[in-house]
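# Observations on the model geometry
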Amino acid sequence: MSSARFAWDWDRAGQALSALCIVHCVALPLVLGFLPSAAAELLEGEAVHRGLLAFVAATALAAFVPGVRRHRRGSVLVLAAVALGLLASAGFLLPEDGSGLTEVLETGLTLGGGVLLASAHWRNRTLCRACCEPAARPAPAA
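Okay, so let's go over this structure. (Residues numbered from 1 in each chain as written. Predicted model: local features only at pLDDT ≥ 70, side-chain atom pairs only at ≥ 80, totals over all residues. Heavy atoms only, no water.)

## Things to note about the overall build of the protein chain
Operational definition: Runs of E in the DSSP output that reach at least two residues are strands. Runs of H or I that reach at least four are helices, and both are numbered from the N terminus. Residue contacts are defined here by distance: any two heavy atoms, one from each residue, within 4.5 Å place the two residues in contact. Surface accessibility in these figures is a Shrake-Rupley result with a 1.4 Å probe; residues are shielded only by whichever protein chains are displayed.
On a plain count of helices and strands, the protein chain comes out with five helices and zero strands. Put simply, the protein chain runs from its N terminus to its C terminus through helices and strands in the order α-α-α-α-α. Taking all contacts inside the protein chain whose residues are at least 6 apart in sequence as the whole, residues at least 24 apart take part in 78%. In the form shown here, the protein chain has an accessible surface area of approximately 8300 Å², with 70% of it arising from carbon and sulfur atoms.

## Quick word on the packing of helix α3 (residues 46-71) against helix α5 (residues 100-132)
The test is simple: Convention adopted: a line fitted to C-alpha atoms gives each axis, helices being fitted over their contacting stretch, and angles between N-to-C directions are expressed from 0 to 180 degrees. These descriptions rest on fixed angle ranges, namely under 35 degrees for roughly parallel, over 145 for roughly antiparallel, 65 to 115 for roughly perpendicular, and the rest for oblique. Two helices that cross are described as forming a left-handed crossing if the nearer one is turned anticlockwise from the farther one by less than a right angle, and a right-handed crossing if clockwise. Think of it as three bins: nonpolar holds Ala, Val, Leu, Ile, Met, Phe, Trp, Tyr, Cys and Pro, charged holds Asp, Glu, Lys and Arg, and polar takes everything else, Gly as well.
In the contact formed by α3 and α5, the axes pass within 10 Å of each other and the chain directions differ by 20°. Here α3 lies roughly parallel to α5, going by the angle between them. Both α3 and α5 take part in a crossing whose hand is left-handed. Of the residues in α5, those touching α3 at E46, H49, V56, A60, A63, F64, G67, V68, R70 and H71 are E106, L117, A120, H121, N124, L127, C128, C131 and C132. Looking at the contact of α3 with α5 residue by residue, the class counts come to 11 nonpolar, five polar and three charged.

## A word on the side chain of S89
We count it as follows: Type-normalised accessible area, obtained with a 1.4 Å probe on protein chains alone, sets the label of each residue: buried when under 20%, exposed when over 50%, and partly exposed for intermediate values. Residues adjacent in sequence count toward polar contacts only when both atoms are side-chain atoms; beyond that, a polar contact is any pair of N or O atoms within 3.5 Å, and within protein one must be able to donate a hydrogen and the other to accept it.
Within the secondary structure layout, S89 lies in helix α4 (residues 74-93). Among the residues examined, S89 registers a relative accessible area of 19% and is labelled buried. Engagement of the side chain of S89 in a polar contact is seen with the backbone oxygen of G85, the distance being 2.8 Å. In this structure S89 touches L94 and L109, once residues within four positions along its chain are discounted.

## A word on unusual backbone geometry
The phi torsion at R72 lies on the positive side, around 60°, for a residue other than glycine. Tracing the backbone shows R72 in the loop between α3 and α4. Here R72 falls in the exposed class, since its relative accessible area comes to 65%.

## Re the side chain of Q15
Among the structural elements, Q15 can be located in helix α1 (residues 3-32). Since its relative accessible area comes to 18%, Q15 is described here as buried. Leaving out residues up to four positions away in the same chain, Q15 has contacts with A118, H121, W122 and R125.

## Observations concerning the nonpolar core
Cut-off, in case you're wondering: Side-chain atoms within 4.5 Å are what join buried Ala, Val, Leu, Ile, Met, Phe, Trp, Tyr and Cys residues into a set we call a nonpolar core.
In this structure, L53, V56, A60, F64, V68, V76, A80, A83, L87, L117, A120 and L127 together form the largest nonpolar core, which totals 12 residues. Elements that contribute at least two residues to this core include exactly α3, α4 and α5. The biggest single contributor to this core is α3, with five residues. Here A120 is in contact with F64, V76, L79 and A80, once residues within four sequence places are set aside.

As structure tokens, this is what we get:
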């Protein structure tokens, strides 16, 4: 499997994870209303969010590093870094005081980070297809 194809597959996985993150943020308050409190704590715990952030960051590295090596566009890394920064801010910087404002900020930062990360994966895939796939390359001169 070529490295361009490899990066493209990781971008697809990254986009799917970003979408799941967004769904998680939007749907979790609704789902928590129907779950017993023990299960709610399991899904809402900070350890869960930090573990997901580590998994998302690893997936992002697996996609962006090979992709940027091929297409040489650092703007993808900047967009990804901002997105991961927003996600990390939501998970590590906000106080756990239980206030409604903190919850709104955490949800906003997470949603914004998820959308930016999905956009970075989309851009990376687009650039990889443009520069790295055989159909995008001009035919060699005879």
